[in-house]
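Residue-level structural notes
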Amino acid sequence: MGRAFEYRRAAKEKRWDKMSKIFPKLAKAITVAAKEGGSDPAMNAKLRTAIANAKAQNMPKDNIDAAIKRASGKDGQFSEITYEGKAANGVLIFIECTTDNPTRTIANIKSYFNKTPGSQIVPNGSLEFMFARKSVFVLAKPDSLNVQDLELELIDYGLEELEENEGGEIVVYGDYKDFGRLNEGFEKLEIPLIKATLQRIPTSPITLTEEQIIEAEKLLDKIEEDDDVQAVYTNIQ
């Protein structure tokens, strides 16, 4: 499939196989959700989703419980902030962070861009219109599931698009404002999810050469490895 594909796959495996990096990010998401809506998952849909995502990554129950308890302590004072930047070859980058020290976070993010030729941080809001914010749900397709019936059921909960990927998974898209409704729909239908997230989908994706992709991935690697970074989105096809 090409050198760029192999590079990206290896890079992602290297990033996400590091439990020491994954678990703190998941824990922060749980703590923020508990801080916002309370520590009872039954009464807090955002917390239920964060816990489900953590369990999907095999995060131990003790870690999950500790993250929830942290929301009531002084060390649970996290802020959710975003940064936007541009890289070489027309690459746009949207970064979502959860941090207890915004000064440290922005200093780190700026350093990654400053050390990469042709890259720069841009004012917040500059790239907002280049990404559509969507609710994205991923589930494994059970043999007994009728996809058309599922699609009809979820329309009432805000479904915009449903697709099956090559791995046999089903991906459901909706407006970001309908995240809670769609999550409720899956719960009522008793359909377990692999992942439920809010994502930023590029409105005008670009195609790069293998060399350009590898160049962009070097910067993306640095950003995604930062402990304060929760998610990174680009306009790369």
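Parameters and conventions
- Residues numbered from 1 in each chain as written.
- Predicted model: local features only at pLDDT ≥ 70, side-chain atom pairs only at ≥ 80, totals over all residues.
- Heavy atoms only, no water.
- Domains from an automatic or database assignment.
- Contact = heavy atoms within 4.5 Å.
- Buried area = accessible area lost by both parts, 1.4 Å probe.
- Salt bridge = Lys/Arg side-chain N within 4 Å of Asp/Glu carboxyl O.
- Phe/Tyr/Trp six-rings, centres within 6.5 Å; stacked < 30°, edge-to-face > 60°.
- Helix = DSSP H or I, 4+ residues; strand = E, 2+ residues; numbered from the N terminus.
- Buried < 20%, exposed > 50% of the residue type's maximum accessible area, 1.4 Å probe, protein only.
- Pairing = 2+ DSSP bridges.
- Axes fitted to C-alpha atoms, helices over the stretch in contact; angles between N-to-C directions.
- Parallel < 35°, antiparallel > 145°, perpendicular 65-115°, else oblique.
- Left-handed = near helix turned anticlockwise from the far one by under 90°.
- Nonpolar A, V, L, I, M, F, W, Y, C, P; charged D, E, K, R; others polar.

1. Regarding the domain arrangement of the chain
Here the chain is partitioned into domain 1 (4–71), domain 2 (79–129 + 203–234) and domain 3 (132–201). Taken together, the six residues of domain 2 in the interface contact five residues of domain 3. Interface area lost by domain 2 to domain 3 is led by Glu96, Thr203 and Tyr233, which between them contribute 73%. Inspection of the region where domain 2 meets domain 3 yields two salt bridges.

2. Things to note about the packing of aromatic side chains
Centre distance and the angle of the planes are the two values used to describe a pair of aromatic rings. Per the stated rule, a full pass over the model turns up three aromatic pairs. A centroid spacing of 5.2 Å and a plane angle of 35 degrees characterise the contact between Phe137 and Phe186, whose relative ring orientation is tilted. Here Phe137, found in strand β4 (residues 131–140), pairs with Phe186, found in helix α7 (residues 179–188); they are 49 residues apart in sequence, far enough to count as distant. Comparing Phe137 with Phe186, the two get one shared label, buried.

3. Examining the sheet that holds strand β6 (residues 169–175)
Read across the sheet, four strands follow the order β5-β6-β4-β7 without closing on themselves; strand pairing throughout is antiparallel. A strand with exactly one partner marks an edge of an open sheet, and here the two such strands are β5 (159–164) and β7 (195–202). Across the sheet, the axes of successive neighbouring strands diverge by a mean angle of 30 degrees, strand direction being ignored. Two strands pair when backbone bridges link them, and β5 and β6 are joined in this way by five bridges, in the antiparallel orientation. Within the sheet, the bridge partner assigned to Leu162 lies in β6 and is Val172. Across the face of the sheet, helix α6 (residues 147–155) comes into contact with β4, β5 and β6 while running at roughly 160 degrees to β5. Sitting on the sheet, α7 is in contact with β4, β5, β6 and β7, with an inclination near 10 degrees to β4.

4. Quick notes on the packing of helix α5 (residues 102–114) against helix α8 (residues 210–224)
The contact between α5 and α8 brings their axes to 10 Å, and the two run at 165 degrees. Between α5 and α8, the angle falls in the class roughly antiparallel. The hand of the α5/α8 crossing is right-handed. For the pair α5 and α8, contact is made by Ile109, Tyr112 and Phe113 and by Leu219, Lys222 and Ile223, respectively. Each residue belonging to the contact of α5 with α8 can be placed in one class, and the counts come to five nonpolar, no polar and one charged.

5. Focus: the pattern of salt bridges
Scanning the entire structure with this criterion turns up 13 salt bridges. The salt bridge partner of Glu187 is Arg48, with a shortest N-O separation of 2.7 Å. Of this pair, Glu187 sits in helix α7 while Arg48 sits in helix α3 (residues 45–56); the two residues are 139 residues apart in sequence, bridging distant segments of the chain. Ionic pairing is found between Arg200 and Glu128, a salt bridge with its closest N-O pair at 3.2 Å. You can see Arg200 sitting in strand β7 and its partner Glu128 sitting in the loop between β3 (120–122) and β4, a full 72 residues away along the chain. With a relative accessible area of 8%, Arg200 lands in the buried category. Taking the relative accessible area as the measure of exposure, Glu128 reaches 40% and is therefore partly exposed. When salt bridges that share partners are traced, they join Lys28, Asp100, Arg104 and Asp228 into one network.

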